[in-house]
Amino acid sequence: MERFVCPLCGWETEPNPGLSPCPSCGVSLRWERTDLPRGPAFSGRGVWRYRELLPAVEPVSLGEGGTPLVPAPNPWGLDLWWKLEFLNPTGSFKDRGAAVMVAALRAFGAKILADDSSGNAGAALAAYAARAGLRAKLFVPAYASGAKLRQIEAYGAELVRVLGTRSAATHAVRNACTAEPQLTYASHNASPYFVAGLQTLAFEIAEDLGWRVPDHLVVPVGGGGLFLGLAYGFMTLLRLGWVKKVPRIHVVQAEACAPVVLALRQGAVRPVSVEAGETVAEGVRIPAPERGQEILRVAHEVGSVGVTVSDAEILGAQQDLARAGLYVEPTAAVAPAGLAKLVQAGVIPSGESVVLPLTGFGLKAG
Ligand SMILES: [Zn+2]
């Protein structure tokens, strides 16, 4: 059985293609499956290998997931691993969420999927809609440009350019989905199915390590999907008894826009209200994350420590990765830049194991 659950109060409802929030808390819901398998009995590779832990729908797949977990040289004596998420079909980890969300929305009869993203989520939605035989309509700020926008257009998605700020694009997509019944709002931030798909990253890391979990993960946080997907994925495995613990998952944000890290430092239950400054890490430049309260609640459960990094530190980490043979976009270098600070602060001691997902491919920047 599957259900949508409020991450704050536990209110639950039937799964549906809509995005209605919890009637009391007003927050986006999360997806949960209650009929979990007794033991690992998986077949195939990639995201759909874990079908028994995902929504029961006909898969949509471009071969997402199954990314390499590579030992990483480091000066701190850590058992450090890179998870090469930029090797997903559209070049980012978002493919895990998009594959599952598009499959679920198609099963509900959706025909045209709409979202507000000019970045990796938009590219992933456009690609998976194309694969599923559905249309995609992406609402983007009129000022957006660059490689990711060209990627979205190349997949055949329709672009709707919206004048004004980033949030104007969100208002526009909501209004359009209310006015036009054939449009389904496939929000990568609000859809419970998107986070459901991101859980597969946790399943894969655990299986790659022989059903052991690392002591720590370090992740960039923008909308928080990656962070939540990992946490829920490991919590599911713990509930099944396949792993012995949930790793600590640390949060890294850009100095210019750090609503979650500031809230962690203050012990606040909501993200701190910030004005988003400029940063090279565009993927984490999200001043008011839709799932902010949920992120902070989960962060408390998984022992998260938050650190911020400057653009100089991000670009330095990006260059270090490139010199080690891995070409990632600046947003993907946010967590590697934060790792050094977590080690210096004594949060991650020598000898412990750490997994760093490298989220997006270097050719996507620019
Ligand atoms: Zn609630």
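Residues numbered from 1 in each chain as written. Predicted model: local features only at pLDDT ≥ 70, side-chain atom pairs only at ≥ 80, totals over all residues. Heavy atoms only, no water.

> If you had to explain the sheet that holds strand β1 (residues 2–5) to someone new, which residues and values would you point to?
The 3 strands are arranged β2-β1-β3 in an open sheet whose pairing can be described as antiparallel. Each having just a single partner strand, β2 (12–13) and β3 (30–33) make up the two edges of the open sheet. Judged from the 2 bridges that link them, β1 and β2 form a sheet pairing that is antiparallel. Looking at β2, one finds that F4 is bridged to T13. (Pairing = 2+ DSSP bridges. Helix = DSSP H or I, 4+ residues; strand = E, 2+ residues; numbered from the N terminus.)

> Please provide a residue-by-residue account of the environment of E290, values included.
Along the polypeptide, E290 turns up in the loop between α8 (259–266) and α9 (292–301). We classify E290 as partly exposed; its relative accessible area is 37%. The spatial distance from the C-alpha of E290 to the C-alpha of A132 is 27 Å, given a sequence separation of 158 residues. Beyond its immediate stretch of four places on either side in the chain, E290 contacts S28, R174, N189 and A190. (Buried < 20%, exposed > 50% of the residue type's maximum accessible area, 1.4 Å probe, protein only. Contact = heavy atoms within 4.5 Å.)

> Summarise the pattern of salt bridges; cite the residues concerned and give the values.
Per the stated rule, a full pass over the model turns up 18 salt bridges. R285 is the salt-bridge partner of E278, the closest N and O atoms lying 3.5 Å from each other. One continuous salt-bridge network, built from bridges that share partners, spans K83, E85, R96, E204 and D208. (Salt bridge = Lys/Arg side-chain N within 4 Å of Asp/Glu carboxyl O.)

> For the domain arrangement of the chain, give the residues involved together with the corresponding values.
In terms of domains, the chain is made up of domain 1 (69–92 + 193–364) and domain 2 (111–185). Each partner contributes to the interface: domain 1 provides 8 residues, whereas domain 2 provides 10 residues. Summing the contributions of domain 1 and of domain 2, the shared interface buries around 710 Å²; its carbon and sulfur component is 41%. Taken together, domain 1 and domain 2 are joined by 3 salt bridges. A salt bridge links K148 to E329, with the shortest nitrogen-to-oxygen separation between them at 2.7 Å. Linking domain 1 with domain 2 are 6 residue pairs in polar contact (both at pLDDT 80 or more), by the criterion used here. (Domains from an automatic or database assignment. Buried area = accessible area lost by both parts, 1.4 Å probe. Polar contact = N/O pair within 3.5 Å; in protein donor to acceptor, adjacent residues only side chain to side chain.)

> Residues and numbers for the packing of aromatic side chains, please.
One pass over the structure, following the stated rule, counts 9 aromatic pairs. Relative to Y193, the ring of F4 has its centre 5.4 Å away and its plane inclined at 70°; by these criteria the two rings are edge-to-face. Taken as a pair, F4 in strand β1 and Y193 in helix α5 (residues 192–198) lie far apart in primary sequence, 189 residues in all. Owing to a relative accessible area of 3%, Y193 belongs among the buried residues under this scheme. A centroid spacing of 5.5 Å and a plane angle of 55° characterise the contact between Y50 and F203, whose relative ring orientation is tilted. (Phe/Tyr/Trp six-rings, centres within 6.5 Å; stacked < 30°, edge-to-face > 60°.)

> Residue-level account of the sheet that holds strand β7 (residues 135–141), with values.
Taking strand neighbours across the sheet as the criterion, the 4 strands line up as β8-β7-β6-β9 in an open arrangement whose pairing is parallel. Each edge of the sheet is formed by a strand with only one pairing partner; in this case those strands are β8 (158–162) and β9 (183–185). Sheet twist, expressed as the mean angle between neighbouring strand axes with direction ignored, is 25°. Taken together, the 5 bridges between β7 and β8 define a ladder with parallel strand orientation. (Axes fitted to C-alpha atoms, helices over the stretch in contact; angles between N-to-C directions.)

> I'd like a rundown of the coordination of the zinc ion, residues and numbers included.
Ideal values differ by geometry: the angle at a metal is 109.5 degrees with four tetrahedral donors, but 90 or 180 degrees with six octahedral donors. Around the zinc ion, the protein contributes the donor atoms C6 (SG), C9 (SG), C22 (SG) and C25 (SG), which lie 2.3 Å from the metal centre. If you look at the zinc ion, its 4 donor atoms make angles of 107 to 114° with each other, and the shape they trace is tetrahedral. Sequence positions of the donors to the zinc ion reduce to the motif C-x2-C-x12-C-x2-C. Remark: C22 occurs in the loop between β2 and β3 and C6 occurs in the loop between β1 and β2; sequence separation between them is 16 residues. Judged on exposure class, the residue C6 and its partner C22 are both buried. (Donors = N, O, S within 2.8 Å, 3.2 Å for Na, K, Ca; no water. Tetrahedral: all angles 85-135°; square planar, octahedral: opposite > 155°, others 65-115°.)

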